[in-house]
Structure formats: C-alpha cells, structure tokens
Amino acid sequence: EKGGYDHFMLKEIYDQPQSILDCLRGRLNPAAGTITMNGVDNHLNALINAQRIVMVACGTSWHAGLLAEYWIEDLCRIPVEVEYASEFRYRNPVINRGDVIVAISQSGETADTLVALENAKEKGAFIFGVVNAVGSSIARLSNAGAYTHAGPEIGVASTKAFTGQLAVLVMMALKIAYAKGTIDEKKYQHLLTELHDVPEKVSQILKDTSNIQAIAEKYKDATDFLYLGRGYNFPVALEGALKLKEISYIHAEGYPAAEMKHGPIALVDDKLPVVFVATKDKYYEKIVSNVQEIKARKGKVIAVATEGDEIIPGMADDVMFVPDADETMAPLLSVIPLQLLSYYIGIAKGLDVDKPRNLAKSVTVE
Ligand code: F6R
C-alpha cells in the first residue's frame with residue numbers, strides 16, 4: 001500500500017505530480033481558456049460580490065489560506081483575512097451577511113474548524129469548503145465547495161493535500177478574477193498555462209533528490225532552523241518550518257525575510273541553518289540582500305533557487321533547485337524540496353516520519 005516506498009510520507013510526496021493533475025483534471029482547460037468548478041460556477045455572484053473573504057483553517061491548511069490571501073487580493077481585488085479556526089471561533093468575530101468564509105481542511109473533521117464554521121453559518125455567512133475527505137463533516141456543512149482530489153493522505157504530516165489545496169485555491173482566484181474582470185486576458189491565459197505545467201515541473205524536482213539527502217545529512221544535528229521567504233514564498237517558509245518541526249523535532253521558525261531584522265537576526269551565528277525560499281520573482285533583488293545579511297553574520301544558507309540562477313547559488317552554502325515558473329505558481333514547486341528536506345532529516349535521525357510523536361492525523365478535539 002506504500003507503493004514500494006519506505007514510508008507513506010515519501011509516497012505521498014511522490015504522488016504529487018499525479019494528485020495535482022487529478023485536482024486539475026476536468027477543471028483546467030488552457031486551450032479553451034476555461035476553468036470549470038461547479039461549486040464556484042453555481043455561486044459565482046456570491047463570490048464576485050463578496051465584500052470580504054475569510055479563510056478559516058489550522059496548521060498546514062492555514063498556510064494554504066495565507067497563500068489564497070495573496071492570490072485573491074492580487075488577482076481579484078477582494079479583501080481577504082486568514083484566521084486560525086481556534087481563535088476565530090472564540091473571539092466574537094465580526095461576520096456580516098454576504099461575507100464568504102472559505103474553510104480549508106484536509107480531513108474535513110478538524111474540531112476547531114468545524115465549530116468555527118457552524119458559528120459563522122448561524123450568523124449568515126456563506127461557507128465554501130476546500131476539503132480533501134469526501135463526505136466529511138466540513139464538506140457536509142459547507143454551502144458549496146471544491147474537493148482537492150488528492151486521494152487518501154496517511155502520513156500525519158500533510159504534503160499532497162497541501163498542494164491540492166493550493167491548486168484549488170489558485171483556480172478559484174483565477175476564476176473569480178476573470179469573472180470580475182480584474183485580470184487581463186493575456187495574464188489569465190498565461191497563468192492557466194503555467195498552472196497546467198505544474199505537475200510536470202513537480203516531476204522534474206522529484207527525479208533526483210540525492211542533493212537534498214546530502215543536505216539533510218549535513219544539517220541533521222542542528223538544533224534550530226530559520227525559514228525565510230517574501231511574497232508568495234513567505235507562506236512556503238512557514239510551511240517548511242512546520243514540516244521540519246513535525247518530522248525531525250528540530251525547532252524551526254518561518255518568517256517574512258525582511259522581518260528578520262526586527263528580531264530573529266539576533267539568533268544568527270555560524271551554526272544556524274537559514275533556509276531561504278528565493279525563487280526568481282519580483283522580490284528577487286530584495287531577497288539577495290537578505291541572503292547577504294545572513295552570510296555577513298556567518299549563518300549557513302540553504303536556498304531554494306530557480307534553475308539557471310547563478311547569484312543565489314553563488315552565495316548560498318547549499319542549494320535545492322526548482323524549475324522556472326511564474327511567481328504566482330512558485331509555491332506549488334518551492335514547497336516540494338522543503339517537504340523532502342524534512343523527510344530526509346527525519347530519516348537521518350531515525351525517526352518515525354509517518355507517525356511523529358504527539359501528533360494525530362485529524363484533530364477532533366479542541
Ligand atoms: C501539518 C498537519 C496539520 C494539519 C491541521 C489541519 O502537517 O497535518 O497542521 O494541517 O491539523 O488539519 P485539516 O487540514 O485536516 O483540517
């Protein structure tokens with residue numbers, strides 16, 4: 001059932017070219033210039049006219065929500081808030097009729113998310129579910145939704161469910177933007193093609209991971225890691241740090257790269273590995289100077305960089321490459337080496353990567 005892989009986590013990382021394809025199948029059609037999602041099509045007015053969209057989720061799914069904020073604000077010009085379900089449910093949030101709540105959950109059973117949604121629904125919010133487990137509680141409670149179609153995820157750490165969430169959320173953003181007229185035809189077409197190319201690019205990353213295994217060996221005894229990124233790569237840095245904590249029990253923090261100088265830079269010494277998610281995008285020049293700031297303090301830099309880039313690899317101690325892509329789609333690629341890094345560090349430390357201590361696959365208690 002592990003399909004020849006040593007662990008479910010590794011299998012599920014390798015499932016991603018196929019699971020993303022399954023998510024796009026029947027929906028994305030670049031040749032026709034269309035995205036078909038019944039849950040969105042049937043409620044297009046509610047989504048286009050939303051005054052506000054609130055993402056509600058926990059953990060890795062919350063990171064997907066953060067990316068949706070960047071996508072929807074950028075492409076659709078609708079204000080988005082991203083809420084931890086556990087905080088949202090207890091803090092008496094302002095919810096107005098006509099607000100759209102997007103619930104993101106792999107299992108569809110997370111107690112905090114479920115109760116937060118029940119409360120919001122009572123107050124008249126429209127609930128859109130982005131769920132992996134078909135027929136789950138959150139799927140049933142939602143007014144509309146889109147399944148991620150990632151297939152069963154057995155490893156406790158979420159991997160392919162996360163990229164499925166991203167694929168659904170970016171399609172939603174593109175659909176809403178197109179219907180609203182906030183994206184021009186050329187950019188829309190370009191992004192459909194870019195999204196279509198993602199599964200093939202993920203396959204390329206997975207082809208040879210010997211380099212990532214060597215990096216894992218080299219850094220497995222570190223006690224702390226910092227993960228930094230800007231823009232679309234900031235939520236990826238958070239996700240990379242969470243994966244490392246879960247799988248290797250190494251303390252890790254994710255930060256927006258520019259925020260580092262407001263505190264975390266005090267941690268940097270010649271022992272601290274700093275993972276930069278530094279693919280080619282509009283923040284590239286800025287992130288180059290952030291890497292210099294870390295190197296000037298003798299930190300060890302591990303970079304996720306775009307193939308063909310020579311500047312970041314020239315500065316970093318170690319590099320994990322991803323294929324070139326439009327920055328909008330970059331997170332779907334840049335998260336893959338980070339999943340692999342945490343997996344291989346966990347393995348190098350002899351840990352149970354499929355069932356990390358203290359964690360449960362679905363958190364049905366608050
Ligand atoms: C991280 C992880 C958790 C879940 C979180 C929400 O690898 O698996 O952080 O993402 O418990 O779970 P779902 O998405 O099932 O609501």
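In the block above lies the structure referred to throughout.
Residue positions are counted from 1 within each chain, in the order its sequence is given. Per-residue local features of the predicted model are confined to residues with pLDDT of at least 70, and side-chain atom pairs are confined, for both listing and counting, to 80 or more; whole-chain, interface and lining totals are unaffected and use all residues. Derived side-chain values reflect all non-hydrogen atoms in the structure, with water molecules and hydrogen atoms excluded from consideration.

Engineer: Looking at this structure, how should I read the overall build of the chain?
Structural biologist: A count of helical and extended segments in the chain gives 16 helices and twelve strands. Each radius of gyration reported is based on C-alpha atoms, and the globular scaling rule is 2.2 Å times the count of residues to the power 0.38. Against the compact-globule benchmark of 21 Å for 366 residues, the chain has a radius of gyration of 20 Å, which places it among compact chains. Dimensions of the chain, computed from the C-alpha atoms along their principal axes, are close to 55 × 45 × 45 Å. It only takes one pair of heavy atoms within 4.5 Å for two residues to be counted as in contact. Here the analysis covers contacts within the chain between residues at least 6 apart in sequence; of these, 75% occur between residues at least 24 apart. Per the convention used, a helix needs a DSSP run of H or I reaching at least four residues, while a strand needs a run of E reaching at least two, with both numbered from the N terminus.

Engineer: Explanation requested: the packing of aromatic side chains in the structure shown.
Structural biologist: Geometry of an aromatic ring pair is reported as the spacing of the ring centres plus the angle between the planes. Pairing of aromatic rings covers Phe, Tyr and Trp, the last through its six-membered ring, and needs centres within 6.5 Å; plane angles under 30 degrees mean stacked, over 60 mean edge-to-face, and all others mean tilted. This model, assessed by the stated rule, comprises seven aromatic pairs. With a centroid separation of 6.0 Å and an interplanar angle of 50°, the aromatic rings of Y70 and Y232 are classed as tilted. Of this pair, Y70 sits in helix α5 (residues 59–76) while Y232 sits in the loop between β8 (224–229) and α13 (233–248), and the two are 162 residues apart along the sequence. Owing to a relative accessible area of 5%, Y232 belongs among the buried residues under this scheme. Ring-pair connections join several aromatic residues into one group, and the members of that group are Y70, W71 and Y232. The rule for a charge over a ring is simple: NZ of Lys or CZ of Arg within 6 Å of the ring centre, and within 35 degrees of the ring normal. Lying across the ring of Y284, K280 places its NZ or CZ 4.6 Å from the centre. Using a 1.4 Å probe on the protein chains alone, a residue whose accessible area is under 20% of its type maximum counts as buried, one over 50% counts as exposed, and one in between counts as partly exposed.

Engineer: Help me understand the layout of surface pockets in this model?
Structural biologist: Any space left empty among the atoms is revealed by the rolling of a water-sized probe across them. Residues are called lining when one of their atoms sits within 4 Å of a cavity or pocket point, these points coming from a 1 Å grid over the protein atoms alone, where a cavity is a set in which a 1.4 Å probe fits but cannot get out and a pocket is an open set with protein on both sides within 12 Å along at least five of seven lines. Grid points are joined across faces, edges and corners, and a volume is the space filled by probe spheres set on the points. A volume near 560 Å³ is recorded for the largest pocket. Looking at the largest pocket, it is lined by 23 residues, and the ones nearest its centre are C58, G59, T60, K361 and V363. Looking at the lining of the largest pocket, the elements with two or more residues in it are α5, β5 (100–105), α7 (111–122) and α13. Among the elements that line the lining of the largest pocket, the one with the most residues is α5, at three residues. When its residues are assigned to classes, the lining of the largest pocket shows nine nonpolar, ten polar and four charged. Three classes are used, and their members are as follows: Ala, Val, Leu, Ile, Met, Phe, Trp, Tyr, Cys and Pro are nonpolar, Asp, Glu, Lys and Arg are charged, and the others, Gly among them, are polar.

Engineer: Which parts of the structure should I look at to understand the sheet that holds strand β3 (residues 53–57)?
Structural biologist: Within a sheet, each strand pairs with its neighbour through backbone hydrogen bonds, oriented either parallel or antiparallel. In this analysis, strands are considered paired if DSSP registers two or more bridges between them. Overall, parallel pairing links the five strands, which are arranged β4-β3-β5-β6-β7 in an open sheet. This sheet does not close on itself; its edge strands, each paired only once, are β4 (80–84) and β7 (144–147). Averaged over all adjacent pairs, the angle separating strand axes in this sheet is 20°, with direction ignored. Pairing of β5 with strand β6 (residues 126–131) involves six bridges; the strand directions are parallel. When the bridges of β6 are listed, I104 appears paired with V130. Only the stretch in contact is used when a helix axis is fitted, and all axes are lines through C-alpha atoms; the angle between N-to-C directions ranges over 0 to 180 degrees.

Engineer: Please clarify how the nonpolar core should be interpreted in this entry.
Structural biologist: Side chains of a nonpolar character, in soluble globular proteins, are inclined to be buried together. Of all hydrophobic cores here, the largest spans 93 residues; its most connected members are V102, F225 and Y227. The biggest single contributor to this core is helix α9 (residues 160–180), with twelve residues. Ignoring sequence-local partners within four residues, the contact set of V102 consists of I53, V54, M55, V56, F128, V130, L169 and M172. Nonpolar core, defined: a set of buried Ala, Val, Leu, Ile, Met, Phe, Trp, Tyr and Cys residues in which side-chain atoms within 4.5 Å join the residues together.

Engineer: What am I meant to see in the packing of α9 against helix α16 (residues 330–348) here?
Structural biologist: Pairs of packed helices are described in terms of their axes, by the angle between the two and the distance that separates them. For the pair α9 and α16, interaxial distance at closest approach is 10 Å and the crossing angle is 170°. Judged by the angle between their axes, α9 and α16 are roughly antiparallel. Residues F162, T163, L166 and A167 of α9 form the contact with α16, whose own contacting residues are P331, L332, V335 and I336. Each residue belonging to the contact of α9 with α16 can be placed in one class, and the counts come to seven nonpolar, one polar and no charged. Note on angle classes: values under 35 degrees are labelled roughly parallel, values over 145 roughly antiparallel, values of 65 to 115 roughly perpendicular, and the remainder oblique.

Engineer: I'm lost on the state of the cysteines in this one. Help?
Structural biologist: By definition, a disulfide links the sulfur atoms of two cysteines through a covalent bond. When two cysteine sulfur atoms lie within 2.5 Å, the pair is treated as a disulfide. Within the structure shown, the criterion is met by zero disulfides. Here C23 stays unpaired: no disulfide links it, and the sulfur of C76, its closest cysteine neighbor, is 17 Å away. For C23, a relative accessible area of 0% corresponds to the buried category.

Engineer: Any chance you could explain the environment of L272 here in plain terms?
Structural biologist: Relative to the helices and strands, L272 is located in the loop between β9 (251–256) and β10 (273–277). Spatially, the C-alpha atom of L272 lies 6.2 Å from that of F225, the residues being 47 residues apart in sequence. Beyond its immediate stretch of four places on either side in the chain, L272 contacts D224, F225, L226, L267, G299 and K300.

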